[in-house]
Amino acid sequence: MDSRYDIPRRATGGGSANSSPALGAQSRRRKMPPRPADFKLQIIIIGSRGVGKTSIMERFTDDTFCEACKSTVGVDFKIKTVELRGKKIRLQIWDTAGQERFNSITSAYYRGAKGIVLVYDITKQETFEDLPKWMKMIDKYASEEAELLLVGNKLDCETDRIISKQQGERFCSRISGMRFCEASAKDNFNVDEIFLKLVDDILSKRFLHGGYTQKGHDDNLVNADEME
Ligand SMILES: Nc1nc2c(ncn2[C@@H]2O[C@H](COP(=O)(O)OP(=O)(O)OP(=O)(O)O)[C@@H](O)[C@H]2O)c(=O)[nH]1
């Protein structure tokens, strides 16, 4: 592997419609506000232009795919709540512009992220060659605690593949704590897994380091104030 890739990484009830007398109570229950989230987490998606960052986010949050979406300007975000380990987690997902001219804007969003999804396009050599540049951005701007996931997107374009799965795995193995997967936003392959795995890793780390289990209360990973 090219020495450019030797990038140092710091340590790393609903009721049925019957005439039961309980129906009134059920409909009253339905009007109750939803249980608030136990945790709030920020995840950022980075990577070169056109690799599919917006598509991955939108597939996950809205289950949609756009064949010709506009390039992101600066940053955008979407919210999705997931349940994991019996906890409700409100994810704020930041989608960043891949164009270098927005780096000064996007870099401000790295610090608060507990999870970082770094994406390349398996059909575009240059997006893979750009990875060390993105790792430098992570090292410079992100928290040392952030969980990292490398994603080779556009797996549906197997016939146009330029970057092998082994190349992705090899790059990833050089970075402490980083995980790897291939996905397709278009075919909805491995997209939920990207986010659920990342959140699970973030929560595991929290448990391991004596997060709320030892304290015995729900200690938000991110303050509500930081979310809006
Ligand atoms: N075949 C295929 N095309 C995809 C996939 N994901 C995204 N695309 C296409 O790739 C193009 C770029 O997708 P975007 O999601 O806008 O990429 P981006 O990384 O957000 O781009 P920037 O905002 O410019 O940084 C669009 O035409 C998408 O339809 C995928 O999994 N498979």
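One can find the structure itself at the top, above this paragraph.
Note that the structure is predicted; figures quoted are calculated from it, not measured.

What counts, and where the lines are drawn
- Residues numbered from 1 in each chain as written.
- Predicted model: local features only at pLDDT ≥ 70, side-chain atom pairs only at ≥ 80, totals over all residues.
- Heavy atoms only, no water.
- Buried < 20%, exposed > 50% of the residue type's maximum accessible area, 1.4 Å probe, protein only.
- Helix = DSSP H or I, 4+ residues; strand = E, 2+ residues; numbered from the N terminus.
- Pairing = 2+ DSSP bridges.
- Axes fitted to C-alpha atoms, helices over the stretch in contact; angles between N-to-C directions.
- Contact = heavy atoms within 4.5 Å.
- Near = heavy atom within 4 Å.
- Polar contact = N/O pair within 3.5 Å; in protein donor to acceptor, adjacent residues only side chain to side chain.
- Areas by Shrake-Rupley, 256 points an atom, 1.4 Å probe, with all protein chains shown as cover.
- 1 Å grid on protein atoms, 1.4 Å probe; cavity = no way out; pocket = protein on both sides within 12 Å on 5 of 7 lines; lining within 4 Å.
- Sits in = over half its atoms within 2 Å of the grid points.
- Nonpolar A, V, L, I, M, F, W, Y, C, P; charged D, E, K, R; others polar.
- Points joined across faces, edges and corners; volume = space filled by probe spheres on them.
- Arc of directions from axis to C-beta.
- Salt bridge = Lys/Arg side-chain N within 4 Å of Asp/Glu carboxyl O.

Asks: Honestly, the pairing of strand β1 (residues 39–47) in this entry has me stumped. Any pointers?
Replies: Within a regular strand, the side chains alternate between the two sheet faces. By the criterion of burial, β1 is predominantly enclosed, with 9 of the 9 residues buried. The alternating pattern of β1 places F39, L41, I43, I45 and G47 and K40, Q42, I44 and I46 on opposite faces, both of which are buried. Taken together, the 7 bridges between β1 and strand β3 (residues 87–96) define a ladder with parallel strand orientation. By the bridge assignment, F39 is partnered in β3 with I89.

Asks: Before we go on, may I ask you to explain the sheet that holds strand β6 (residues 179–182) in this structure?
Replies: Backbone-to-backbone hydrogen bonds join strands into a sheet, with any given pair of strands oriented parallel or antiparallel. Strand order in the open sheet made by the 6 strands is β2-β3-β1-β4-β5-β6, with mixed pairing throughout. Two strands lie at the open edges of the sheet, namely β2 (75–84) and β6, each paired on one side alone. Ignoring strand direction, the axes of neighbouring strands in this sheet form an average angle of 25 degrees. The sheet contacts of helix α2 (residues 53–62) involve β1, β2, β3, β4 (115–121) and β5 (147–153), and relative to β2 the element is tilted by about 40 degrees. Relative to the sheet, helix α5 (residues 131–141) contacts β1, β4 and β5, its axis offset from that of β4 by approximately 165 degrees.

Asks: I keep staring at the site of the ligand and nothing clicks. Help me out?
Replies: Near the ligand lie 23 residues; those nearest to it are K53, S55, C66, E67 and S71. A distance of 2.9 Å separates an oxygen atom of the ligand from a polar atom in the backbone of G98. One of the backbone N or O atoms of K186 is found 3.1 Å from an oxygen atom in the ligand. In the complex, the protein chains occlude 89% of the 650 Å² of accessible area that the ligand would expose alone. According to the grid-proximity analysis, the pocket containing the ligand is the largest pocket. Top element by residues in the shell around the ligand is α2. It accounts for 3 residues. Per-class residue counts for the shell around the ligand are 7 nonpolar, 10 polar and 6 charged.

Asks: How should the environment of V191 be read in this particular structure?
Replies: Within the secondary structure, V191 sits in helix α7 (residues 191–208). The buried category is assigned to V191, whose relative accessible area is 1%. For the pair V191 and I122, spaced 69 residues apart in the sequence, the C-alpha separation amounts to 15 Å. The residues touching V191, leaving out its near neighbours within four places in the chain, are I56, R59, F60, S184 and A185.

Asks: For this particular structure, what's the right way to read the layout of surface pockets?
Replies: Space left empty within the atom packing is revealed by a probe, the size of a water molecule, rolled over the atoms. Approximately 470 Å³ is the volume found for the largest pocket. As for the largest pocket, its lining consists of 25 residues, and the residues nearest its centre are G50, G52, S55, C69 and K154. For the lining of the largest pocket, the element with the most residues is α2, which contributes 3 residues. In the lining of the largest pocket, the residues fall into 8 nonpolar, 10 polar and 7 charged.

Asks: Would you explain helix α6 (residues 165–173) in this entry?
Replies: Among the residues of α6, G168, F171 and C172 are the ones counted as buried. Buried residues of α6, seen end-on, are gathered within an arc of 95 degrees and therefore sit on one face of the element. Residues of α6 that are buried in the fold lie against β4, α4 (125–129), α5, β5 and β6.

Asks: Can you walk me through the pattern of salt bridges in this structure?
Replies: Should their charged atoms come close, side chains of opposite charge can pair. Applying the stated criterion to the full structure yields 14 salt bridges. Of the charged contacts in the structure, one is a salt bridge between E158 and R161, with a shortest N-O distance of 2.8 Å.

Asks: Teacher, can you tell me more about unusual backbone geometry here?
Replies: When glycine is set aside, most residues are seen to have a negative phi, and most peptide bonds are trans. Despite not being glycine, K154 shows a phi value in the positive range, around 75 degrees. Mapped onto the secondary structure, K154 falls in the loop between β5 and α6. Using a relative accessible area of 23% as the deciding quantity, one classes K154 as partly exposed. Unlike most non-glycine residues, N190 shows phi in positive territory, near 70 degrees. Structurally, the position occupied by N190 is in the loop between β6 and α7. Given a relative accessible area of 21%, N190 falls into the partly exposed group.

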